[in-house]
Structure formats: structure tokens, C-alpha cells
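Structural description and commentary
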Amino acid sequence: MATIKDVARLAGVSVSTVSRVLNKSGYVNEETETKVLRAIEQLQYKPSQIARGLVSRKTKTLGLILPDITNPFFPELARAVEDTAQRHEYTVILCNSDNQLQKEEKYFQLLQEKCVDGIIIAGEVNSKYMSNIIANGTPIVVVDGRMEDSPVHSIYTNNRFGGKLAVHHLVSQGYKQIAHIRGPIGTSSADDRYEAYKEALEELKIPYQSILVQPGDFRAESGYEAMKRLLALANPPDAVFAANDLMALGALEAIAEAELNVPGDIGVVGFDGIPLTKVVQPKLTTIQQPIYEMGVLAAESLIKHIHQPTLEKKNIVLEPSLIIRKTSLRGDSFD
């Protein structure tokens, strides 16, 4: 494989001249530039992005850290980030932390060693690692997580509005005893959806019952186990709002095992709007996030921040929408 020294030797110029041609920096006369370009073509030389970055201080590479690649929410987000990055001639290094802080820290360090120009992280961020990265000068954008007390740019959905949409919809369909399968405590999206559930009950003058709130971890298995606990209550709920679609799908499995009817006996609403909600039977009512748009905005915000390091912090809040399907609609007309 040809090196930059081979190009310089064939063109009869210095390595620094070849570097100036490659990075389009500094003056090189037209005749010399032509010699260098011919040598590059003849040798089929492909410059290392990292090597070029040593000169330009830019590698045209972004890091993307996801908490759980098995959750269909995140592949769609990653696709949007990659599509947007590609349009701006950036490549993306994808890392899956499995919701483990040690893996997250390891990937932060790895991405910095790879000299990425910036990092997008989905979900919650450990404040310790965040502080280290900010101190190191690496631009960061957080997507699907609130960063109100941090100088970091963030893109997230109005989870409180979405949670209220879910509860109000269930009540409008005649459900009276509404349970909630919540996401991990300390996760901003899960906390906001839980607070929305409580606020909606208060608005609708429905008494809050802590027994009707069961913990989950955003995985389908936890939704299944939470729903089994709810069904075992002396006075089980007639509807459930799950903090994400995977837990809602797990709840549907538990309801089917109990030989109960959805939506006749129990109504179910999820949150996210992942593709599975359209193909599962019965089709799942969900609070749909603009997932692809979130990924696009995250990548565009990061690239803008890379080129304008002093750019003032900006939080972008997107509005979710209620997608009504069979699992919550008591009646003959549904999607």
C-alpha cells in the first residue's frame, strides 16, 4: 500500500507539499499540484483519515454511543445519524454500552483515542465522564435525554406531554383503573413519563394508587413481569400505560397468557412508535416519537458545533403524537 512518502518521491516534492495538496491548505502552484495528483492516481494512494487529521485536527469521524442496540428505537436513531453524517462526508463509529457505565466509560476513552471530531450519546450520560469529555474539548450532543444543567446540546421529546396524551386517551375510551409500567428511576425520559402519568390522573380527578405503578427497565421481559404482577392484584387495572413500546409488548404477552381480551378487558398504550407496534396483533396504540428526526437533528447539531466550538448550548424539544390502534380503542373503528 502506497504511503505519502511514496507520493512525494514520485512527484519529486516534499511530504509537506503533498500534505498541503491533500488538505487544500497553503499555497501550491498549479504545476506542482498536478504532479502530486498524478502521483496519487498512479499509486492509487488513499490517505489515512487519522493521518490527515493530525494536520487538519479533524478526522471527519463521529462517535455514537447507544445504550441498547436490541431496542428497535435505537437502530432507527442510528440510521438517521449515519445518513446525516454521510451527507456531510463524515463516518460514524457505533458503540453499544448495554446500559453499563463501565462500558460507556471505555467507549468514551476509545472514541477520544480514535480522535473523533465529536460524540453523540443516546439516553442518560454519567456526569463524571461527561465532565471529563467536556474538559477535553470534545463536542458532545445528547439525544433522547435531558441535559438542563449541562453546557451540552440535547435533543429530546416532550415526554410529559406524551405521557398525558396516553392517559387522557385511555380515559376517553372508558377505562377507569389505569396502571403504569415505568422505566428506570433516574432516567429523564422514564421519570418524565411517570410524572406525566401522575399529573394526568390528578387532572382527571382519578386517585393515584402506588400499587398500580410497577417498575420496568425498558425491556420486553420487564413489561411482561410487571403486567403479571398487576394482573395478580385483588383489584387489577383495566388499562396500562407502559413507558415504552417494548414493555407494552411484554405486557400484551402476559395479558394473552391470562386469556384476557385486548382492548375489551384491558387497554394498552406504549411509547416510542417503533415499527413492531404496527405488525404485532393486536396492533399497539403508542405515543410516537419522531425518532428519525431526532437522529438527524443530533448529527446536524454536532457537526455545527464541531465547526463552531463557541456555539451557544441549545435544547431542542420535539412533540410526540398519539397513534391510536386496536389495543386501546373500544369500538369497531381502529387501525
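Further up the page is the structure itself.
If you're wondering where the values come from, they're calculated on a predicted model, not measured in any experiment.

1. Overview of the overall build of the protein chain
Along its length, the protein chain carries 12 helices and 12 strands. For the protein chain, the C-alpha radius of gyration of 25 Å lies well beyond 20 Å, the compact-globule estimate for 335 residues. Projected onto the principal axes, the alpha-carbon positions of the protein chain cover approximately 85 × 35 × 30 Å. Looking at the 335 residues of the protein chain, the share that counts as buried comes to 50%. Residue pairs at least 24 apart in sequence account for 69% of intrachain contacts in the protein chain once pairs closer than 6 positions are excluded.

2. Some points on the nonpolar core
Counting 68 residues, the largest nonpolar core has Leu 77, Ile 155, Tyr 197, Met 227 and Val 268 as the members making the most contacts within it. Every residue in contact with Leu 77, bar those within four places of it in the chain, is listed here: Leu 66, Ala 122, Val 143, Ile 291, Met 294 and Gly 295. Grouped together as the second largest cluster of nonpolar side chains are 15 residues, Ile 65, Cys 95, Tyr 107 and Leu 111 included.

3. Considering the side chain of Thr 138
Checked against the element boundaries, Thr 138 lands in the loop between helix H7 (127–136) and strand E4 (140–143). When its relative accessible area of 13% is taken as the criterion, Thr 138 is described as buried. The contacts of Thr 138, once residues within four sequence positions are left out, are Gln 112, Gly 118, Ile 119 and Ile 133.

4. Topic: the pairing of strand E6 (residues 178–182)
Most of E6 sits inside the fold, with 5 of its 5 residues counted as buried. Judged by which residues are buried, E6 turns out to be covered on both faces: Ile 178, His 180 and Arg 182 on one side and Ala 179 and Ile 181 on the other are all buried. Of the strand pairs in this sheet, E6 and strand E8 (residues 239–242) are connected by 4 bridges, and their pairing is parallel. Of the residues in E8, the one forming a bridge with Ala 179 is Val 240. Sheet topology places E6 next to strand E7 (residues 213–215); 3 bridges connect them, and they run parallel. Following the sheet pairing, Arg 182 is matched in E7 by Pro 215.

5. Some remarks on a negative patch on the surface
A cluster of like negative charges, contributed by Glu 221, Glu 225, Glu 253 and Glu 257, occupies part of the molecular surface. At the level of elements, helix H10 (220–231) and helix H11 (245–257) are the ones that each hand at least two residues to the negative patch. Considering the arrangement of structural elements, one finds Glu 225 in helix H10. Among the residues examined, Glu 225 registers a relative accessible area of 38% and is labelled partly exposed.

6. Focus on the packing of helix H1 (residues 4–11) against helix H2 (residues 15–23)
The contact between H1 and H2 brings their axes to 8 Å, and the two run at 105°. When the interaxial angle is binned, H1 and H2 end up roughly perpendicular. Residue-level contacts link Ile 4, Lys 5, Val 7 and Ala 8 of H1 to Val 15, Val 18, Ser 19 and Leu 22 of H2. Split by residue class, the contact of H1 with H2 holds 6 nonpolar, 1 polar and 1 charged.

7. Here we look at the packing of aromatic side chains
Per the counting criterion, the structure on display carries 2 aromatic pairs. Measuring from ring centre to ring centre gives 5.0 Å for Phe 73 and Phe 74, while their planes differ by 80°; the resulting arrangement is edge-to-face. One exposure class covers both Phe 73 and Phe 74, and it is buried. Of note, Arg 193 hangs over the ring of Phe 271, and the distance from its end group to the ring centre comes to 3.8 Å.

About the criteria used
Residues numbered from 1 in each chain as written. Predicted model: local features only at pLDDT ≥ 70, side-chain atom pairs only at ≥ 80, totals over all residues. Heavy atoms only, no water. Helix = DSSP H or I, 4+ residues; strand = E, 2+ residues; numbered from the N terminus. Rg over C-alpha atoms; globule rule 2.2 N^0.38 Å. Buried < 20%, exposed > 50% of the residue type's maximum accessible area, 1.4 Å probe, protein only. Contact = heavy atoms within 4.5 Å. Core = buried A, V, L, I, M, F, W, Y, C linked by side-chain atoms within 4.5 Å. Pairing = 2+ DSSP bridges. Patch = residues over 30% accessible without salt bridge, like charges linked within 9 Å, V, L, I, M, F, W, Y side chains within 5 Å. Areas by Shrake-Rupley, 256 points an atom, 1.4 Å probe, with all protein chains shown as cover. Salt bridge = Lys/Arg side-chain N within 4 Å of Asp/Glu carboxyl O. Lys, Arg positive; Asp, Glu negative; His and termini not counted. Charge placed at Lys NZ, Arg CZ, Asp CG, Glu CD. Axes fitted to C-alpha atoms, helices over the stretch in contact; angles between N-to-C directions. Parallel < 35°, antiparallel > 145°, perpendicular 65-115°, else oblique. Nonpolar A, V, L, I, M, F, W, Y, C, P; charged D, E, K, R; others polar. Phe/Tyr/Trp six-rings, centres within 6.5 Å; stacked < 30°, edge-to-face > 60°. Lys NZ or Arg CZ within 6 Å of the ring centre and 35° of its normal.

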